[in-house]
Amino acid sequence: MNNIHSKSPIDMGLFHRIDINLYPLFIAIYEQKSISKAAQILSITQSAASHALQRLRSHLKDDLFVRSGSQMLPTPFAEQNYLIIKNALIAIQSISMQQQSFDPNMVQSLKIAIHDEIEPIVFPKLVAHFQKLGLSIQFMSSKLDRKTVDADLVSQQIDFVIDLEQNFGDKIQFESLVKDQFVACTQLQQINAELYLAAPHIGVSSRRTGVLVEDVHLNRKQLSRQVFLRCQHYSTALQILEQYPNAILTIPQNILSHLHVSPLLNIFDVPVKLPQMNIGIYWHKNLTENKRHHFLRNEIYKIFA
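Residues numbered from 1 in each chain as written. Predicted model: local features only at pLDDT ≥ 70, side-chain atom pairs only at ≥ 80, totals over all residues. Heavy atoms only, no water.

Looking at an unreviewed UniProt entry, one finds the protein named LysR family transcriptional regulator, with Acinetobacter johnsonii as its source organism. Regarding the protein, the relevant UniProt record gives this comment under Sequence similarities (unreviewed entry): "Belongs to the LysR transcriptional regulatory family." (UniProt positions renumbered as here; feature names shortened; annotations may be inferred.)

Below, the discussion takes up the pattern of salt bridges. One pass over the structure, following the stated rule, counts eight salt bridges. The salt bridge partner of D163 is R146, with a shortest N-O separation of 2.7 Å. Of the two residues, D163 is situated in strand β5 (residues 160-164) and R146 in the loop between β4 (138-143) and α7 (149-154); the sequence distance between them amounts to 17 residues. Relative accessible area serves as the criterion here: at 28%, R146 is assigned to the partly exposed category. Among the charged side chains, a salt-bridge network with shared partners connects E214, D215 and R225. (Salt bridge = Lys/Arg side-chain N within 4 Å of Asp/Glu carboxyl O. Helix = DSSP H or I, 4+ residues; strand = E, 2+ residues; numbered from the N terminus. Buried < 20%, exposed > 50% of the residue type's maximum accessible area, 1.4 Å probe, protein only.)

Let's shift gears to the packing of helix α3 (residues 35-42) against helix α4 (residues 46-60). Think of two packed helices as two axes; the pair is described by the angle between the axes and how far apart they sit. At a closest axis distance of 8 Å, the pairing of α3 and α4 adopts a crossing angle of 105 degrees. With respect to α4, the axis of α3 lies roughly perpendicular. Together, I35, S36 and A39 of α3 and Q46, A49, S50 and L53 of α4 make up the contact between the two elements. For the contact of α3 with α4, the class distribution of residues is four nonpolar, three polar and no charged. (Axes fitted to C-alpha atoms, helices over the stretch in contact; angles between N-to-C directions. Parallel < 35°, antiparallel > 145°, perpendicular 65-115°, else oblique. Contact = heavy atoms within 4.5 Å. Nonpolar A, V, L, I, M, F, W, Y, C, P; charged D, E, K, R; others polar.)

With mixed pairing, five strands are arranged side by side in an open sheet as β4-β3-β5-β12-β6. Two strands lie at the open edges of the sheet, namely β4 and β6 (172-180), each paired on one side alone. Taking each pair of neighbouring strands and ignoring which way they run, the sheet shows an average axis angle of 25 degrees. Pairing of strand β3 (residues 109-114) with β4, which is carried by six bridges, proceeds in the parallel orientation. From the neighbouring strand, S109 faces β4, where its bridge partner is Q138. Here helix α6 (residues 119-132) sits on the sheet in contact with β3, β4 and β5, set at roughly 165 degrees to β4. (Pairing = 2+ DSSP bridges.)

In the UniProt entry, the feature "domain: HTH lysR-type" (unreviewed entry) is given for residues 26-75. Annotation note: span residues 26-75, helix share 60%, strand share 16%, distance between end C-alpha atoms 12 Å.

This part covers helix α12 (residues 291-304). Over its 14 residues, α12 runs 21 Å from end to end, which matches the ideal 20 Å to within 8%, given 1.5 Å per residue. For α12, the set of buried residues is H293, F295, L296, R297, E299, I300, I303 and F304. Taken together, the buried residues of α12 touch β3, α6, β5, β6 and β12 (277-284). A side-chain oxygen of the first residue of α12 lies 3.0 Å from the backbone nitrogen of R292; this N-cap is N290. (Expected span 1.5 Å × (residues − 1). Polar contact = N/O pair within 3.5 Å; in protein donor to acceptor, adjacent residues only side chain to side chain.)

Set out below in C-alpha cells:
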C-alpha cells in the first residue's frame, strides 16, 4: 500500500488545506495587474479580494504580486506558475461543462456595447432576428467605452462589443460583420480631389482628442485637410452642413442611409481613395468554447451573412 501511495503524484492529505476559489483571483490579478479590476471581474469587493490574496500568499509562501505605481506585478514565482494554474483551472472548467446540455431557450439576455453611430445599422436587425427565433430575450445596448472592453468582456458585464475593427489586445477575438465605405456629403455641385482637400471639413468623433480615422489614412498618403468643426454625431454634422455651402462631411455610407439628409445636400464618392471600414463583433477568447456564446455568435453571423 505504501508503494502505491509513493508513486501517486497527488497527496490527498493536502487538499483539505487548499481553497481552489483563491486561484481564479490569482489569474485575474495576474492578467489585469490590478486588485480592484480583479475584484470587479469576480464580482467581489476589493476588500474581499485583498483578504483572499493574503490567504493565498500565506498558503504559497510567496508575495505573488508587488505594487509598482498603479499596477500589481507578478513575482518570479507567480510568473513561473501562472500557466500551470490557468491550465489547471481550464481543465476543471472543461470537465464541469462536458455534460451540460444547451437549450437556446436558456438565453435570457443579450448585452452588447456598441458605438452610437453603428447602433442603428446593427441593433434593429439583431432584435428582429432573435424575435423570429421565438426566444424571450431581454436586449441591452450600452454605450461603448473602448478603455474598458477587456474588463467588461471577461467579467461578462457585456456579452459582445460591436465596433470598427481595431486592436483591443490578444485576448479579444474579432469577426467581421459589415463592410462600409466613406462617401462625401456637401452642398457643392461637384468635387474632385483638389477641391476635397482644400474645402473646410466637418469631423465626427466621440473622442475629445485624437486624429480622425479619415485623417489617419490621408496622412499616410502625405495628404491633409482642414477640419474646422468637430462634433459627436453624424446627425448633428448633417444639420450643420446645411449652414456651410462649401463644407464637406465624410461619412460611412451605411450610417448615412439611416439618417435624414436635406435636399440641399449632394452625395459623392470620396475623390481620394480611403479604405473600407470593417464593422464587427468582439468577444473574450476565454468564452470562445462557451455554448451560450457560441450559439449567440453564430446567430449574429447569420444576420449579416
